[in-house]
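Architecture and fold: a report
Spelled out, the chains give:
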Amino acid sequence: MKKLDDSALLVARVLMPILFIVAGYGKLGTGYAGTQHYMAAMGVPGFLLPLTILLEVGGGLAVLFGLLTRSVALITVVFTLLTEFIFHADFTQAGNRNQINFMKNLTIAGGYLLLAVSGPGAFSIDRLLDKKG
């Protein structure tokens, strides 16, 4: 059963950060100015955008490879909840898009919280480093 658990954690670590890696990468190019403007319009200082990109791309890759998994997962939980309440808490918009994004972020935060508690599993850099120490 342990191998099945480790395999499932690997699959989760591959699937979970895709959204963040793609979103962060998109902000690096043509999406940078637009994202910075949107952040400012929502009352978030634009100088935080590089940190956002670092968490999305760098943190996403860290989770993908299982490096500093528990810490990055906890930071991602906080980040996801903050973005949820800052950018997706207005349910008055037509089409309930914010409501769907709000629930999506709750789900993402829950998944990352589980990852923070369970750890990365056997197929991870964290596990390799732990065995060497």
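Refer to the structure printed above.
Here's what I pulled together on the structure shown here. (Residues numbered from 1 in each chain as written. Predicted model: local features only at pLDDT ≥ 70, side-chain atom pairs only at ≥ 80, totals over all residues. Heavy atoms only, no water.)

Some thoughts on the pattern of salt bridges
The tally for this structure, following the rule as stated, stands at two salt bridges. Measuring nitrogen to oxygen at the nearest pair gives 3.3 Å for the salt bridge that ties aspartate 6 to lysine 2. Here aspartate 6 and its partner lysine 2 are both found in helix α1 (residues 2-15), four residues apart, which amounts to about one turn of the helix. Residue classification places aspartate 6 among the buried residues on the basis of a relative accessible area of 5%. Residue lysine 27 is joined to glutamate 56 by a salt bridge in which the shortest nitrogen-to-oxygen separation is 2.9 Å. (Salt bridge = Lys/Arg side-chain N within 4 Å of Asp/Glu carboxyl O. Helix = DSSP H or I, 4+ residues; strand = E, 2+ residues; numbered from the N terminus. Buried < 20%, exposed > 50% of the residue type's maximum accessible area, 1.4 Å probe, protein only.)

Re helix α4 (residues 49-65)
Here α4 is 17 residues long and its end C-alpha atoms lie 24 Å apart, about the 24 Å a rise of 1.5 Å per residue gives. When α4 is considered as a whole, its buried residues turn out to be Leu49, Thr52, Ile53, Leu55, Glu56, Val57, Gly59, Gly60, Ala62 and Val63. (Expected span 1.5 Å × (residues − 1).)

What to know about unusual backbone geometry
Backbone geometry places leucine 68, a non-glycine residue, at a positive phi of 55°. Following the sequence through the fold, leucine 68 ends up in the loop between α4 and α5 (69-87).

Observations concerning the environment of glycine 58
Tracing the backbone shows glycine 58 in helix α4. Glycine 58 gets classed as partly exposed once you look at its relative accessible area, which sits at 33%. For glycine 58 and proline 17, which are 41 residues apart along the polypeptide, the C-alpha to C-alpha distance reads 10.0 Å.

A closer look at empty space enclosed by the protein
For the structure on display, the rule yields one cavity of 30 Å³ or more. Volume-wise, the largest cavity comes out at about 30 Å³. Together, Phe20, Leu55, Glu56, Gly59, Gly60, Thr76 and Tyr112 line the largest cavity. Its residues assigned to classes, the lining of the largest cavity comprises three nonpolar, three polar and one charged. (1 Å grid on protein atoms, 1.4 Å probe; cavity = no way out; pocket = protein on both sides within 12 Å on 5 of 7 lines; lining within 4 Å. Points joined across faces, edges and corners; volume = space filled by probe spheres on them. Nonpolar A, V, L, I, M, F, W, Y, C, P; charged D, E, K, R; others polar.)

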